[in-house]
Structure formats: C-alpha cells, structure tokens
Amino acid sequence: MTEKSEKIKDIIRICILTAAALLFVAPVLIVLMNSFKEKLFITSEPFKLPSADTFAGLRNFTEGLRKTGFISAFGWSLFITVGSVAVIVLFCSMTAWYITRVKSRFTSFLYYAFVFSMIVPFQMVMFTMTKTANALSLDNPLGIILIYLGFGSGLSVFMFCGFIKSIPLEIEEAAMIDGCGPVRTFFSVVFPILKPTAITVAILNAMWIWNDYLLPYLVIGSDYKTVPIAIQYLRGGYGSVDMGAMMAMLVLAIIPIVVFYLSCQKYIIKGVAAGAVKG
Amino acid sequence: MASITLKNINKIYPGGFRAVNNVNLEIKDKEFVVLVGPSGCGKSTTLRMIAGLEDVTQGELYIGDKMVNFTPPKDRDIAMVFQSYALYPDKTVYKNMAFGLERHKVPKDEIKRRVDEAAKILGIEHLLDRKPKALSGGQRQRVALGRAIVRDPKVFLLDEPLSNLDAKLRTAMRTEIAKLHKRLDTTFVYVTHDQTEAMTMGDRIVVMKDGVVQQADTPHELYINPCNMFVAGFIGSPQMNFVDAVMKRKEGSYYLETQNGTVKLPDSRVNENVSAYEGKKIKIGVRPEDVSDEPGKENVLTGTVEVSEQLGSEVYLYISSPDGRITARVSPDTTAKTGSIIKYTFNMNKIHLFDPQTQEAVR
C-alpha cells in the first residue's frame, strides 16, 4: 500500500517537474521554430510548426545578419564577456583568498561589503554609475569590463570565500615549505583547487553578462553594439518589427551561452555545493 | 644534516596567550627527537616555529650554525609531514612529490630519479599516476613521507603523522618511520600526543606541558627516572599509581604510612633528600607492573578488585582501596576476579617518591 502510494506520488512529481521543464524550454523552442518561418506567419501562427507554405529556410538568418551587423556585435559581446569573466574569476578568487586567510577587522569589513553589494539592485545605481563611467572614460569595451568586475564581484567573492574556507591551511603551508611564495602558492596550489568554483562563477557571470542589455546600453550605447543591443535595433520606427530576423538573431545569440553552459554544467552543482560541507 | 638549537624560545599570541614558554633544547645532528605532551602543551607550536610557519616571539632558533628566526620556510632546508598529509589534491602522486624539487629548479631527470627512488623505498611506485583522492589513508601517508624524502632536507619535521591511521596501520607505519630514520640518517623532529609512539620511536623524548619542557631524555630514563609527577603519569600505560603517604621513622628505619597501611622504605632508598621528609607528607608513585598480587609477609595492603581486564599475555586489575584506585599489571595466571578482596604489595625498590607541593621527584 505504502509502496503503491509512493509510486503514485513519484508519478505526480515527475509530471509536475516535466510540465515545469517544458514551460522553461517552450520560449526557446518557439523562438527556434519561428526563426525558420516567414515573418508574416510568426505573428499570425506563432505556435505552429513551419509548413511548406510558411517555411523560410535560412532567409531570416541572412536578413538578420545583414541588418544588425551581428558579426561585429557578436565580437564585442564575446570580447566583453570573456574579458569580464576572466577578470572576475582572477581578481575575485585572489580577493577571497586574502579575505579568508588574513583575519582582521579590515578583511571582515571587506567581506561584508562584498556580500552587501549583492543585494543592491542595479537600477538603484545605474544613473550615478553611468555618469561616473563617463567621467572616468570607462564608456568603452575595456572600461565596461571594469564595471562588470564591480557588479560581478559580490556573488563571486562570496562563492570563492565559501570554498576557500574548506581548503585546509596545511596545503598552503606545505607549498610554502616546498619553496613557494604567496603568489606561487596561489597560482600553483590554491587556484587549481578552486577550479569547480571558478567554473561555476564563470558560468553564472558569463550568462548574465552575455545577455545583459541595460548596462552596455547605458555605458557604451551604440558605439560598440553588443548582441542584445544589435537585436534591439531590429525594432524599426512606428512599432514595426522584423520578427523573422529577430527570431533568427535570438537563436544565434542563445547558441554560444547554451553551449558554454552545457559543456560546464557538471561543475555547477559541484561549485555551488563546494564549501557548504567540510569534506 | 644539521642540529637544531632552541634558546629561550617563547611564543606569545596576540592577546597574551603564551603557547611556548622559555624552551631550551639542543637537538643533535641525525637525532630522532619526539615532542610529546597533551593537547595544547605547545609541542606543535614548537615544531611550527622550527618550520618557520609561526614566528618566534622571543628567543633564538638555530638550524646548524645559522640563526633562522627570520628565515622563510622555503630557505630553511626542511621538509614537513602534516597530520592531514596536506597533499595537493589536483596533482598526481608524482607531481606532489616533484613539486618541491621543481620549485628549487632541480633538473627534470634528477627529479625523476629522486621521485622513483623515494617511491621504491616507500613501495608506492604503482601509485605515481594516481591523484590523492584515489589513495587510502596509509598510501597518502606514504606519499606525504615521499614528498619529504625527495627533498633530501637537513631536517625532517613530522606533526602527528600517524594520528589519522587505524591502530594496525599506525603500528606498521611506526616501524617504517623508525627504519626510514635509520636509512636517511638525518635529523627527525616528531610531534605526537601518543606516549607509546614516543617511547617506541624516539632516541630522545621531550615531554611538554603548558608550553614548558618538563623533561628531555631517552625513553628508558624517562620511564625509570621521571623528574616530576606529570612526566611519571604521562609516560607509561597504564599510568603510574599515586598514593598519599606520611613518612615516619621507627627503630632506625623509614616507613610510609598510607590510608591503607604502612610500608617499609628499603634502606637503600634512603638518603638525605628522602629523610628530609620525615614526619611530612610525600607521594608514592608505583608503576602497575610494580604492584604484585602475590605478596610476601611484609608491606601487605588490601583492596577489592573493581575490574579485571584480560589482555591475554597479562591482566590489568583495577583495585579499589582506601588509597584510591590502584592499577596492577599481573600475570594471566592470577586468581583475582572482579569483586574479590585481594592482598597486594608494592615493589618498594622500584617506587618513586614525589613532593606533594612541587610535584618534583624526591631522589
């Protein structure tokens, strides 16, 4: 009786989770499906599969690439994302190591400052930040990497700190005896151990930086269009939107981040759980 | 190869806690010295100061002829084995062992030769490609030792390296480390809280308590001539029995009057220091093997056997008496059983006497 009711519960649970998963995947599938349809049919039959009449082949893609300057936008997005993620992983791991290993009021204050920065919404600081960025000549792709470092460091330092606490200090002492100074100890011993957390931090930051629209729009505007900004330009005047090209470009925009996520996803759980339990 | 000299070494942490108090110690070249004591006695702190992992607050520390108070660990030519092994988890066994040599810019073929040689000594040649997580506790221990061996250091420092192993493996590794010391013929400083480990491995044992060296001597000397009650109680298992007594003199002989009866002190044990306690309180210390359950006619005491522990080759009797609990290590042929009243006696030629106030030995 109990076994049977457990089985029924399992089935219900699976059904609910499958429905939830479908809900999450549906928008992506709809975008993918519509990217191959003629633009007129996208608005009239958005949920139908492409048929012989509605199928547009790769026309939406070629049109989108031509209209948006997608290749250059892709390049800038890639540069900003890779640059920001690299800088976040490098500096935040070093900061977290310092905060965790050097016990003082200053490091304790630093830690809480980073944690606090996680709860400050972007909208609260966006105008002052834009002004400051302009004043400091950070309104370019290199400058925005520095701004992303600021916005990404809260969560990243928090995650790195959690993991570093679980690394026995003796490993670092062994490295000191083996002939390492602090820099060599970090890069040869500590950083390789941080790999799961570093990958998790990289994925989480890459996803939001790649998809971010507001910050690059406010800081660098249309001088160096990133992918989300370039796609937005498909919205013409008087509300006209080239839906076909937009769907096609959205598909192209999603691909890199999905591939990155899938190739590193096994580290996410490892990285998030790391530091939670002392091993 | 090098000697180690600690001159008036103190370690005081911020906040004023004195972990090591005025330690003076001379460790000879190629000597195997064991620092032993209960938790918090300062033995690990002393070792870490020798390693350079803790600053010396006051005093002078020499490795060989060189004062190393301000020398970083990497320049002290030492190797250390940690309690948790501290292997680099992302590196293979080979890389773990080679890492220190790479840092010291040793040529690659020389590194390979040394790692292979150390692996052969420790029997871990087949594990060189594995990562630490794929090793058992004993194997990790060997790798940690291997990492120290390949460095060919002047001094080996070992911080409770066997405490994470099970009893059987610990005994085996004890012998291995002792053999390794003979083979490498270099200075070893070993920290443990296990007095059996200390007794079986060290050329010399340094007993510490509350940051102070209580006695530094050979295992045999520590056992037969402990300088105070702490050392007497710490060294030896089961631990020494302590009995309160008052020394009396009757007809030219000295007697020790306890709550449980009176025992005669052999004339050979009496000297100026001992006779000074006439009419005063004194502590008797008796090793369990010096308590006999087959007494003669003299010095007989009585008690009740609380517990009798059969160990096969010997029996431990825990005797309840007016003097408190007395532990006796007796022959397995004993007739004493739990609950029985027995007569016992002390081997008076082997008893130890201590001052109850200072706890120092009276000899």
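Further up the page is the structure itself.
Read on for a plain summary of the structure. Everything numeric here is computed off the predicted structure, so don't read it as measured data.

Let's shift gears to the overall build of chain B. Helix and strand counts for chain B stand at 9 helices and 20 strands. Expressed as a percentage of the 363 residues in chain B, the buried residues total 50%. For chain B, contacts bridging at least 24 residues in sequence account for 66% of all contacts bridging at least 6. Carbon together with sulfur atoms contributes 46% to the accessible area of chain B, which is approximately 16600 Å² in total. Between the averaged position of the 51 positive side-chain charges in chain B and that of its 47 negative side-chain charges there is a distance of 5 Å.

The subject of this paragraph is the environment of Thr130 of chain A. Topologically, Thr130 of chain A is positioned in helix H6 (residues 122-135). Placed 90 residues apart in sequence, Thr130 of chain A and Ile220 of chain A show a C-alpha to C-alpha distance of 9.3 Å.

Residues and elements named next belong to chain B. Among the structural elements, Asn228 can be located in the loop between helix H7 (219-224) and helix H8 (229-234). A polar contact is formed between the side chain of Asn228 and the side chain of Gln214, at a distance of 2.9 Å. Here the side chain of Asn228 touches Val231 through a polar contact of 2.9 Å, landing on its backbone nitrogen. Once you skip the residues sitting within four places of it in the chain, Asn228 turns out to touch Gln214, Phe354, Gln359, Glu360 and Ala361.

The next subject is the nonpolar core. By size, the foremost hydrophobic cluster in this structure holds 96 residues, and its most contacted members are Phe160 of chain A together with Leu157 of chain B. Counting 46 residues, the second-largest nonpolar core is a separate cluster that includes Met97, Ala144, Leu158 and Ala198 of chain B.

Turning our attention to the sheet that holds strand E9 (residues 204-209) of chain B. In any sheet, the strands associate via hydrogen bonds between backbone groups, in a parallel or an antiparallel arrangement. Residue and element names in this part refer to chain B. Reading across from one edge, E6-E7-E8-E3-E9-E10 is the order of the 6 strands in this open sheet, with mixed pairing throughout. The open sheet has two edge strands, strand E6 (78-81) and strand E10 (212-217), and neither has a second partner. The average angle at which neighbouring strand axes cross in this sheet is 15 degrees, direction not considered. Across 5 bridges, strand E3 (residues 32-36) lies against strand E8 (residues 187-192) in parallel orientation. Residue pairing across strands places Phe32 opposite Phe188, the latter belonging to E8. Along the sheet, helix H4 (residues 137-150) contacts E6 and strand E7 (155-159); its crossing angle with E6, the most-contacted strand, is approximately 175 degrees. On the sheet, helix H5 (residues 167-184) packs against E3, E7 and E8 and is oriented at approximately 160 degrees with respect to E8.

Taken together, the contact pairs 15 residues of chain A with 23 residues of chain B. Both faces considered, chain A and chain B share a buried interface measuring about 1600 Å² in area, 61% of it formed by carbon and sulfur atoms. Looking only at chain A, the three residues that lose the most surface to chain B are Glu170, Ile177 and Asp178 of chain A, adding up to 42% of its buried area. Counting the contacts that link chain A with chain B gives 2 salt bridges. A salt bridge links Arg151 of chain B to Asp178 of chain A, with the nearest nitrogen and oxygen atoms 3.2 Å apart. For the side of chain A that touches chain B, the elements supplying multiple residues, two or more each, are helix H8 (169-177) and helix H9 (182-193) of chain A. For the side of chain A that touches chain B, the leading source of residues is H8 of chain A, giving 7 residues. The residue makeup of the side of chain A that touches chain B, split by class, is 9 nonpolar, 2 polar and 4 charged.

This part takes up the packing of helix H4 (residues 70-101) of chain A against H9 of chain A. Residues and elements named next belong to chain A. Following both chains from N to C, one finds H4 and H9 inclined at 110 degrees, their axes separated by 12 Å at the closest point. The orientation of H4 with respect to H9, classified from their angle, is roughly perpendicular. For the pair formed by H4 and H9, the contact residues are Val89, Leu90, Ser93, Met94 and Trp97 on the first element and Pro182, Thr185, Phe186, Phe187, Val190 and Phe191 on the second. The residue makeup of the contact of H4 with H9, split by class, is 9 nonpolar, 2 polar and no charged.

Within the secondary structure, Thr71 of chain B is located in the loop between strand E5 (66-67) and E6. A relative accessible area of 11% places Thr71 of chain B in the buried class.

This part takes up the packing of helix H2 (residues 93-103) of chain B against H4 of chain B. Residues and elements named next belong to chain B. Interaxial distance between H2 and H4 falls to 8 Å at its minimum, and their mutual angle equals 30 degrees. Taken together, the axis directions place H2 and H4 in an arrangement best described as roughly parallel. Considering the relative orientation of H2 and H4, their crossing is right-handed. For the pair H2 and H4, contact is made by Val93, Asn96, Met97 and Leu101 and by Val143, Gly146, Arg147 and Val150, respectively.

Further remarks concern the pattern of salt bridges. All names here are of chain B. Applying the stated criterion to the full structure yields 25 salt bridges over all chains. A salt bridge links Glu160 to Lys43, with the shortest nitrogen-to-oxygen separation between them at 4.0 Å. Taken together, the positions of Glu160 in the loop between E7 and H5 and Lys43 in helix H1 (residues 43-51) put the pair 117 residues apart, joining distant regions of the chain. Exposure remark for Glu160: the relative accessible area of 10% places this residue in the buried category. One salt bridge in this structure joins Glu117 and Arg113, with 2.9 Å as the shortest N-O distance.

Residues and elements named next belong to chain A. Along the chain, Ile119 turns up in the loop between helix H5 (105-118) and H6. The class of Ile119 is exposed, set by a relative accessible area of 62%. Spatially, the C-alpha atom of Ile119 lies 8.9 Å from that of Gly154, the residues being 35 residues apart in sequence.

Moving on: the packing of aromatic side chains. Each aromatic ring pair is characterised by the separation of its centres together with the angle its planes make. The full count for this structure, using the stated rule, is 21 aromatic pairs over all chains. Between the aromatic rings of Trp97 of chain A and Phe186 of chain A, the centroid separation amounts to 5.4 Å while the plane-to-plane angle is 45 degrees, which identifies the pairing as tilted. Separated by 89 residues along the polypeptide, Trp97 of chain A in helix H4 and Phe186 of chain A in helix H9 bring together distant segments of the chain. Judged by its relative accessible area of 2%, Phe186 of chain A falls in the buried class. Both rings, one in Phe156 of chain B and one in Phe188 of chain B, keep their centres 4.7 Å apart while their planes meet at 20 degrees; by these two values the pair is stacked. Taken as a pair, Phe156 of chain B in strand E7 and Phe188 of chain B in strand E8 lie far apart in primary sequence, 32 residues in all. Clustering of aromatic rings is evident, with ring pairs tying together Trp97, Phe186, Phe187 and Phe191 of chain A. Over the face of the ring belonging to Tyr88 of chain B we find Arg147 of chain B, whose NZ or CZ atom lies 4.9 Å from the ring centre. One cation-aromatic arrangement involves Lys250 of chain B over Tyr255 of chain B; the distance from NZ or CZ to the ring centre is 5.4 Å.

Criteria and thresholds
Residues numbered from 1 in each chain as written. Chains lettered and ligands numbered in written order. Predicted model: local features only at pLDDT ≥ 70, side-chain atom pairs only at ≥ 80, totals over all residues. Heavy atoms only, no water. Helix = DSSP H or I, 4+ residues; strand = E, 2+ residues; numbered from the N terminus. Buried < 20%, exposed > 50% of the residue type's maximum accessible area, 1.4 Å probe, protein only. Contact = heavy atoms within 4.5 Å. Areas by Shrake-Rupley, 256 points an atom, 1.4 Å probe, with all protein chains shown as cover. Lys, Arg positive; Asp, Glu negative; His and termini not counted. Charge placed at Lys NZ, Arg CZ, Asp CG, Glu CD. Polar contact = N/O pair within 3.5 Å; in protein donor to acceptor, adjacent residues only side chain to side chain. Core = buried A, V, L, I, M, F, W, Y, C linked by side-chain atoms within 4.5 Å. Pairing = 2+ DSSP bridges. Axes fitted to C-alpha atoms, helices over the stretch in contact; angles between N-to-C directions. Buried area = accessible area lost by both parts, 1.4 Å probe. Salt bridge = Lys/Arg side-chain N within 4 Å of Asp/Glu carboxyl O. Nonpolar A, V, L, I, M, F, W, Y, C, P; charged D, E, K, R; others polar. Parallel < 35°, antiparallel > 145°, perpendicular 65-115°, else oblique. Left-handed = near helix turned anticlockwise from the far one by under 90°. Phe/Tyr/Trp six-rings, centres within 6.5 Å; stacked < 30°, edge-to-face > 60°. Lys NZ or Arg CZ within 6 Å of the ring centre and 35° of its normal.

Taken by themselves, the reported measurements are silent on function.
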